[in-house]
Amino acid sequence: MRNISRVLRLWCLVLIMVLLAAGCKARPPVTVKKEIGVTLRRPEIMLVVATERNRYEQIYTSQIWDIAVVEDGTTFQEYLLEQIKQFMVDLKRIGAMAQEYGITLDNGEMEQLRRLAQDYYSQLTEADKAYTGAGSDDVLNLYQEYYLACKTVDVLTKNADLEISDNEAKVVEVSQIVLDNEFNAREVWQAVRSEGADFDAIARANSTEEQIRREIVRGELSAGMEEAVFAMNQGEISEIMEDNGRFYLFYCHNPYDQEATLARKEEMMLLRKDSVFHEYYDAFLEDNLVTVSGRVWQDVSFVTQENTTTTNLFELYQEYFPD
């Protein structure tokens, strides 16, 4: 889990429902909500908690849990637990949506999930099992619910336009110099254009911004500056650009960072899915009262004397289902 765990964040992002395969139809007014009951299970929650606990403690030690991460004093433990709570509730709600649309798992999928669950459970230590309270059936249930959510996404988003062009996702790597007046900007511009000049060294000596090297994507600069920067060639130094009383010089290291662009494109596709999801997911919740039962959060904590070691709940799933 990186930064609330990239894995967990992507898990949350992938729990998305969008357009019906046959297209949208006018929605009739709903006056009475249909009530759908779902139940949270503590062992499944604790499998996620144990994984994230061990990931973070491996990097930051157990001191991470009491660090305040919000101005109101919320600790990192409290913050992360809220993220996991929301994730688990959304997982149940997506399961309810799958049932409404008749989306189920076939025999082949079930068999693969059984192998995955057995593989993961066989790697748990006795301390892992004691801390989570999980049996092999709990592991299987969690993996089934997640896989069903993913399948629901695949089935119901197959006709959605989620493509991102290279131009939209393009990442340009530059060094920058930011100055507060035009006179200084012209002096520095002359200096960086002199033969053998080291742009980054001059930037460190003169720029009012500490950051020198940066990646620039669409929407970060004003329209005029963006157009100029995205038209630069490798090794090119820009003209002086003014924006809101500040003056900018750029040196282009890479006009098209392919690896960064691909990563940004994947991220933008997930965000586009997420944006579409919120409209339809909220509509589902307007039509259906999904009640979540199960008093399972009492005494849930990342702090434990158990020597738990499990960390690969998410990674193992990706090995079995790489797509």
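Structure: see above.
Below is a short write-up of the structure. Fair warning: this is a prediction, and the values are worked out from it, not measured in the lab. (Residues numbered from 1 in each chain as written. Predicted model: local features only at pLDDT ≥ 70, side-chain atom pairs only at ≥ 80, totals over all residues. Heavy atoms only, no water.)

**What to know about the overall build of the protein chain**
The helix and strand inventory of the protein chain stands at 12 helices and 6 strands. Expressed as a percentage of the 323 residues in the protein chain, the buried residues total 45%. Partitioning the intrachain contacts of the protein chain with sequence separation of at least 6 by distance along the chain shows that 81% fall at a separation of at least 24. Entry remark: accessible area of the protein chain is about 17,600 Å², with carbon and sulfur atoms responsible for 46%. (Helix = DSSP H or I, 4+ residues; strand = E, 2+ residues; numbered from the N terminus. Buried < 20%, exposed > 50% of the residue type's maximum accessible area, 1.4 Å probe, protein only. Contact = heavy atoms within 4.5 Å. Areas by Shrake-Rupley, 256 points an atom, 1.4 Å probe, with all protein chains shown as cover.)

**A look at the nonpolar core**
Formed by 51 residues in total, the largest nonpolar core has its most connected members in Val 49, Met 88 and Tyr 143. Residue assignment for this core shows that the elements contributing at least two residues are strand S1 (34–39), helix H2 (42–60), helix H3 (76–100), helix H4 (107–123), helix H6 (136–156), helix H11 (258–287) and helix H12 (313–320). When sequence neighbours within four positions are dropped, the list of residues in contact with Tyr 143 reads Leu 113, Leu 116, Ala 117, Tyr 120, Leu 313, Leu 316 and Tyr 317. (Core = buried A, V, L, I, M, F, W, Y, C linked by side-chain atoms within 4.5 Å.)

**Digging into unusual backbone geometry**
Unlike most non-glycine residues, Thr 61 shows phi in positive territory, near 70 degrees. With respect to the element layout, Thr 61 can be found in the loop between H2 and H3. The phi dihedral of Asp 299 is positive, around 70 degrees, even though this residue is not glycine. Among the structural elements, Asp 299 can be located in the loop between strand S6 (288–293) and H12. Given a relative accessible area of 66%, Asp 299 falls into the exposed group.

**Here we look at the sheet that holds strand S3 (residues 213–216)**
On the basis of which strands lie adjacent, the open sheet formed by 4 strands has the order S3-S2-S5-S4 and antiparallel pairing. Every other strand in the sheet has two partners, leaving S3 and strand S4 (241–243) as the edge strands with one partner each. The sheet shows a mean angle of 45 degrees between the axes of neighbouring strands, direction not considered. Bridge analysis of strand S2 (residues 172–179) against strand S5 (residues 246–254) gives 7 bridges, and the strand direction is antiparallel. Each bridged residue has a counterpart across the sheet, and for Val 174 the counterpart in S5 is Cys 252. (Pairing = 2+ DSSP bridges. Axes fitted to C-alpha atoms, helices over the stretch in contact; angles between N-to-C directions.)

**Regarding the environment of Phe 314**
Considering the arrangement of structural elements, one finds Phe 314 in helix H12. For the pair Phe 314 and Thr 51, spaced 263 residues apart in sequence, the C-alpha separation works out to 8.5 Å.

**A look at the side chain of Gln 144**
Tracing the backbone shows Gln 144 in helix H6. On the basis of relative accessible area, Gln 144 is assigned to the buried category, the value being 16%.

**Some details on the side chain of Ser 207**
Residue placement: Ser 207 occurs in the loop between helix H9 (199–206) and S3. Only 3.0 Å separates the side chain of Ser 207 from the backbone nitrogen of Val 178, close enough to count as a polar contact. Leave out the neighbours within four places in its chain, and Ser 207 touches Gln 176, Ile 177, Val 178, Leu 179 and Ile 212. (Polar contact = N/O pair within 3.5 Å; in protein donor to acceptor, adjacent residues only side chain to side chain.)

**Quick notes on the pattern of salt bridges**
According to the stated counting rule, one finds 22 salt bridges in the structure shown. Close ionic contact of Arg 272 with Glu 168 constitutes a salt bridge, the shortest N to O distance being 3.3 Å. Taken together, the residues span a long stretch of sequence, with Arg 272 in helix H11 and Glu 168 in helix H7 (residues 166–169) at a distance of 104 residues. A relative accessible area of 28% places Arg 272 in the partly exposed class. For Glu 168, a relative accessible area of 32% corresponds to the partly exposed category. Here the salt bridges share partners, and the residues they tie into one network are Arg 41, Glu 44, Lys 92 and Glu 145. (Salt bridge = Lys/Arg side-chain N within 4 Å of Asp/Glu carboxyl O.)

**As for the pairing of S3**
Only one face of S3 is covered, namely the one carrying Arg 214 and Ile 216; the face carrying Arg 213 and Glu 215 has none of its residues buried. One ladder, built from 4 bridges, connects S2 with S3; its direction is antiparallel. Across the sheet, the residue bridging to Val 174 is Arg 214, located in S3.

**Quick word on a nonpolar patch on the surface**
On the surface, Ile 67, Val 69, Val 70 and Tyr 79 cluster together into a nonpolar patch covering about 300 Å² of accessible area. Within the secondary structure, Tyr 79 is located in helix H3. (Patch = residues over 30% accessible without salt bridge, like charges linked within 9 Å, V, L, I, M, F, W, Y side chains within 5 Å.)

**Section: the packing of H3 against H6**
At their nearest, the axes of H3 and H6 sit 9 Å apart, and the two run at 60 degrees to each other. Considered as vectors, H3 and H6 are oriented oblique to each other. When the axes of H3 and H6 are compared, the crossing they make is left-handed. On the side of H3, the interface is formed by Met 88, Leu 91, Lys 92, Ile 94 and Ala 98, while H6 contributes Leu 142, Glu 145, Tyr 146, Leu 148, Ala 149 and Thr 152. (Parallel < 35°, antiparallel > 145°, perpendicular 65-115°, else oblique. Left-handed = near helix turned anticlockwise from the far one by under 90°.)

**Observations regarding H2**
Taking 1.5 Å of rise per residue, 19 residues should cover 27 Å, and H2 covers 26 Å from first to last C-alpha, within 8% of that figure. Most of H2 is tucked away, with 14 of its 19 residues classed as buried. The positive-phi residue at the C-terminal boundary of H2 is Thr 61, with phi of around 70 degrees. (Expected span 1.5 Å × (residues − 1).)

**A look at H11**
Relative to the 44 Å expected for 30 residues at 1.5 Å per residue, H11 spans 44 Å between its end C-alpha atoms, a close match to the ideal helical length. Phe 277 marks the point of greatest bend in H11, at about 30 degrees. Among all positions in H11, only Ala 260, Thr 261, Lys 265, Met 268, Leu 270, Lys 273, Asp 274, Phe 277, Tyr 281, Ala 283 and Phe 284 are buried. (Bend = angle between axes of the 7 residues up to and from the residue.)

That's the geometry; what it means functionally is another story.
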